[in-house]
Amino acid sequence: MISDSKPLLPAFILLPLAVGTQGLEAQALQQTLSVDSSYHVPLGGVEQYVEVRGASRDLPVLLYLHGGPCMPATPFLRFYQAELPESFIVVSWDQRGCGRSAESDPRPPDMTLERHVRDAHELTLHLKQTLGKERIFLVGHSWGSVLGVELARRYPRDYLAYVGVGQVVDMAEGELLARGELLARALSRGDTATVRAVESNRYSPGEGYADGLQGFLAQRRLLWMYRMFDYDPSAMLRAIAAAEGYSNDIAEWMTAAMYAQGALYGELMAVDFTERTEFQVPVFFFAGRHDYNTPGELAARYLEAIDAPAKGISWFEGSGHSPPWEEPEAFRARLVEVLGQVQESGPGYRIRDPEAPIRIPFDVHRGDIRMVGEVNWRPVRILIDNGIDGEVFTQSGAQTRPDSSTHSIRVTFRFTDEHTLVNQLYNLEDGEWRIGHSVIYTADGGV
């Protein structure tokens, strides 16, 4: 039965973890083997709190994006992932208005999805410069996974790989799936109170919850009580009770979060990544088997459609929405294993399926002769730093423009008379190859 008293539920739309890296002074990094710093850094005009921990400055950097909105992960990382800095320089960031970032401004302006993405990217650039890294690992949990997808797709030159934990895919479909499963379980138990609660909390994919944010949070309370949110509901409470520098009262966390959730609820409920499948960095999802806050079924389906240099999904059988603190040892081991594979591939990473060619449209001319069609281009390898090497017809090379995240491929076509070569430039913009300029070389050296 469902009681009228409010359960100790984190009323956060999503429970992601965030790790931001900044404020480490370059001189300090050069003088010490380990990294241990906490400070406020200006992002988007708002001072925001970060903690940076690493056993060695030579370790790769991992930026962890927390969920909620406004559920700072810093105390959870301290409590459950204290050993993670042995493998990474772990950066935990309290997003604007959240956790210790609220010390400078508890009601910051511009609480939008776009502003959070920009804050995260500003943090990334600051981190790269301060720690002397070309690229960093990106982990997004729940709401943080919304930011993570945006960052990985927009700025692939800044990230080694992306890991989505409790990955958000399609909020509307996720709500329908979770409500259906919750209703089925309540009916099987004869729990008429929960059945009435679900049916009276009206929802439609187009309109959302009739009661808006309150309807959404009511659904989360039911998921929480049925262990369909976190499978181990006490895990989060243990970390909050032990948190230093943060309130130990879950009610205060929830009150602080309502400002952010109220501002971001509409944008979050509109998220649908199902058509955004092109990634230029490796993508991995970590899914709890019991998660119906962001159903793992949707993440698995999304991953199948994703085109990325490498991809994979890891299931956590004893977790719901939060494997980092429900199964901390297994989470840490899997994270080190997966991201270690990316590092071992050297300065670059492999194509997802070597047998699957990249199809590039072409339209090249030589006088009144024209070739139009598609290139079935099989890259030999992809290098992060050196672009793309492969063969198309006779040969191809590649370059990456240093002033943007746009990738370019320069393909050499040979006409059948073998006296003319055409260098055609293709730019990858928003996941699609677009034709750039052409340069024609003739046998006599003319252009």
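Residues numbered from 1 in each chain as written. Predicted model: local features only at pLDDT ≥ 70, side-chain atom pairs only at ≥ 80, totals over all residues. Heavy atoms only, no water.

A. Just the state of the cysteines, in detail. This structure, assessed with the given rule, holds one disulfide. What pairs with cysteine 70 in a disulfide is cysteine 98, and their sulfur atoms sit 2.5 Å apart. Judged by the torsion about the S-S bond (-135°), the cysteine 70/cysteine 98 disulfide is left-handed. Taken together, the positions of cysteine 70 in the loop between strand E4 (61–68) and helix H2 (74–80) and cysteine 98 in the loop between strand E5 (89–94) and helix H3 (113–131) put the pair 28 residues apart, joining distant regions of the chain. Taking relative accessible area as the criterion, cysteine 70 reaches 3% and is therefore assigned buried. (Disulfide = S-S within 2.5 Å. Helix = DSSP H or I, 4+ residues; strand = E, 2+ residues; numbered from the N terminus. Buried < 20%, exposed > 50% of the residue type's maximum accessible area, 1.4 Å probe, protein only.)

B. Geometry of the confidence of the model for the protein chain. For the protein chain, mean pLDDT is 78; residues scoring 70 or higher make up 69% of the total. Counting interchain partners and residues more than four positions distant, the pLDDT-below-50 stretch residues 26–31 has eight contacts. Predicted confidence is poor over residues 438–447, with pLDDT under 50, and the contacts of this stretch with residues over four places away or in other chains come to 23 contacts. (pLDDT = per-residue confidence, 0-100. Contact = heavy atoms within 4.5 Å.)

C. Region of the structure containing the environment of proline 108. With respect to the helices and strands, proline 108 occurs in the loop between E5 and H3. Proline 108 sits 62 residues away from valine 46 along the chain, and the two C-alpha atoms are 7.3 Å apart. If sequence neighbours within four positions are ignored, proline 108 has contacts with Val46, Arg96, Gly97 and Tyr259.

D. Structural view of the packing of helix H5 (residues 171–189) against helix H10 (residues 296–305). Remark: H5 packs on H10, axes separated minimally by 10 Å, with the N-to-C direction vectors making an angle of 140°. Looking at the two axes, H5 sits oblique to H10. Across the interface between the two elements, Glu173, Gly174 and Leu177 of H5 pack against Glu297, Leu298 and Arg301 of H10. Taken together, the residues of the contact of H5 with H10 break down into two nonpolar, one polar and three charged. (Axes fitted to C-alpha atoms, helices over the stretch in contact; angles between N-to-C directions. Parallel < 35°, antiparallel > 145°, perpendicular 65-115°, else oblique. Nonpolar A, V, L, I, M, F, W, Y, C, P; charged D, E, K, R; others polar.)

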